[in-house]
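This is what each chain is made of:
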Amino acid sequence: MTQATDFKKNLRRQMRKARRSLKPVQQRQHARGLLATIRRLTQFRRSQNIALYLPSDGEISPEEVIHYCRKFGKQCYLPVLHPVRHNRLWFIAYNKETVLVNNIYGIKEPPLIKAPRRPAWALDLVLLPLVAFDEEGGRLGMGGGYYDRTFAFKQSWRKERGTRLIGLAHDLQKADRLKTESWDIPLEGVATEKSFYNARR
Ligand SMILES: Nc1nc2c(c(=O)[nH]1)N(C=O)[C@@H](CNc1ccc(C(=O)N[C@@H](CCC(=O)O)C(=O)O)cc1)CN2
Ligand SMILES: Nc1ncnc2c1ncn2[C@@H]1O[C@H](COP(=O)(O)OP(=O)(O)OP(=O)(O)O)[C@@H](O)[C@H]1O
């Protein structure tokens with residue numbers, strides 16, 4: 001194994017452990033703090049179709065953001081593992097009536113049958129989960145390459161066009177500058193319970 005992969009593996013283990021160690025009361029505070037960070041962003045205010053996720057493995061919870069979206073008539077979507085195309089995501093509408101099932105990782109997702117889905121490029125904003133981030137928009141995920149593959153089309157688009165990608169994390173998931181791989185899709189920023197780290201300064 002190369003030194004770089006070793007580094008990623010260790011960082012993943014360390015950050016996943018740190019976020020899992022947060023107490024329920026801290027998780028709830030962070031979920032509220034995250035909403036306070038997000039609702040101020042123009043990128044969020046202007047967006048109508050927004051993809052989020054349901055938290056797992058100690059991830060910061062976007063559930064307060066989901067409630068806020070519903071209250072203000074924004075449509076939420078959840079990622080669903082693509083049944084055929086390897087390591088890609090589909091985005092399915094998520095409403096109060098949506099029934100959820102566990103995917104292979106034990107993360108809740110809407111079932112695919114008959115559900116209205118939206119192509120990745122037609123989402124206004126994607127609030128994506130991550131394991132570690134840096135202030136330049138670098139992201140380390142769970143290692144499946146799901147988001148990188150699904151949003152690979154962004155590499156050929158002008159930066160300011162199309163679907164906007166913002167990472168969500170606990171502030172403690174901030175790392176020193178992460179080495180970017182050729183396939184990594186840069187984030188335009190990362191929102192935590194404390195701040196918004198704008199990578200486009
Ligand atoms: N809440 C949430 N939903 C998400 C993601 C995410 O990171 N968080 N994903 C972001 O991509 C996708 C799922 N990707 C995932 C990739 C790996 C593992 C995982 O737990 N891996 C195990 C080993 C896997 C195995 O059993 O083979 C591990 O590392 O312990 C989980 C989710 C789509 N949905
Ligand atoms: N656009 C792509 N095309 C083909 N393979 C890709 C692409 N993007 C990523 N991969 C592959 O996916 C694997 C996992 O990538 P990486 O470790 O960067 O995932 P991650 O961003 O941490 O995971 P996730 O996006 O699921 O949270 C790598 O081996 C990489 O080669």
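Think of each chain on its own: its residues are numbered from 1, step by step along the sequence as written. As a convention, the first chain written is A and the first ligand written is 1, with the rest following in written order. Confidence filtering applies because this is a predicted model: local features only for residues at pLDDT of at least 70, side-chain atom pairs given and counted only at 80 or more, and all residues used for totals across whole chains, interfaces and linings.

Pairing between the strands of a sheet comes from backbone hydrogen bonds, and it takes one of two forms, parallel or antiparallel. A strand pair is defined by DSSP finding two or more bridges across the two strands. Only runs of H or I of at least four residues qualify as helices and only runs of E of at least two qualify as strands under DSSP, and these elements are numbered from the N terminus. Taking strand neighbours across the sheet as the criterion, the 8 strands line up as β6-β3-β2-β1-β7-β10-β11-β12 in an open arrangement whose pairing is mixed. Single-partner strands in this sheet number two, and they are β6 (117–118) and β12 (196–198).

A word on the site of ligand 2. As a matter of local geometry, ligand 2 sits amid 14 residues, with Gly141, Gly144, Gly145, Asp148 and Trp183 nearest to it. The biggest single contributor to the shell around ligand 2 is helix α5 (residues 146–150), with 4 residues. Of the residues belonging to the shell around ligand 2, the class tally is 6 nonpolar, 4 polar and 4 charged. Only the C-beta atom matters for nearness: placed from the backbone, it must lie within 6 Å of the molecule or strand for the residue to count as near. Amino acids are sorted into nonpolar (Ala, Val, Leu, Ile, Met, Phe, Trp, Tyr, Cys and Pro), charged (Asp, Glu, Lys and Arg) and polar (every other residue, Gly among them).

Turning to helix α4 (residues 63–71), its buried residues number three or more, namely Val65, Ile66 and Cys69. Seen along its axis, α4 keeps its buried residues to an arc of 100 degrees; they face one direction. By the convention adopted here, residues make contact when the C-beta atoms placed from their backbones lie within 7 Å. For α4, the elements touching its buried residues are α2 (24–39), β1 (49–51), β2 (75–81) and β7 (125–129). Directly beyond the C-terminal end of α4, a positive phi value near 70 degrees is found at Gly73. Any residue surrounded by 20 or more other C-beta atoms within 10 Å of its C-beta is treated as buried, while 12 or fewer makes it exposed and the intermediate range makes it partly exposed; C-beta atoms here are placed from the backbone. By arc we mean the arc of the directions from the helix axis to the C-beta atoms, nothing more.

Despite not being glycine, Asp57 has its phi angle at roughly 55 degrees, a positive value. As for its placement among the helices and strands, Asp57 is situated in the loop between β1 and α4. Positive phi, close to 50 degrees, is recorded for Asn87, a residue that is not glycine. Its location among the elements puts Asn87 in the loop between β2 and β3 (89–94). Residue classification places Asn87 among the partly exposed residues on the basis of 13 C-beta atoms within 10 Å.

A few words now on the pairing of strand β10 (residues 164–168). Put simply, side chains in a regular strand alternate between the two faces of the sheet. Among the 5 residues in β10, 5 count as buried, and that is most of the element. Neither face of β10 is open: one carries Arg164, Ile166 and Leu168, the other Leu165 and Gly167, and all of them are buried. Strand direction decides the pairing type here: β7 and β10, joined by 5 bridges, are parallel. The residue of β10 that forms the bridge with Pro129 is Leu168. Pairing between β10 and strand β11 (residues 189–191): 3 bridges, direction parallel. By the bridge assignment for β11, Ile166 is matched with Gly189.

Tyr105, Pro129, Met142, Gly144 and Tyr146 are the nearest of the 15 residues found near ligand 1. Tallied by class, residues from the shell around ligand 1 come to 11 nonpolar, 3 polar and 1 charged.

This paragraph deals with the UniProt feature "binding site: substrate" (unreviewed entry) in the chain. UniProt positions are given in the numbering used here, feature names are shortened, and annotations may be inferred rather than shown by experiment. Taking the numbering used here, the UniProt-annotated feature "binding site: substrate" (unreviewed entry) corresponds to Leu54 and Glu59. Structurally, Leu54 can be placed in the loop between β1 and α4. Residue Leu54 is classed as partly exposed on the basis of its 18 C-beta neighbours within 10 Å. Inspection of the secondary structure assignment puts Glu59 in the loop between β1 and α4. Residue class for Glu59 comes out buried when judged on the 22 C-beta atoms lying within 10 Å of it.

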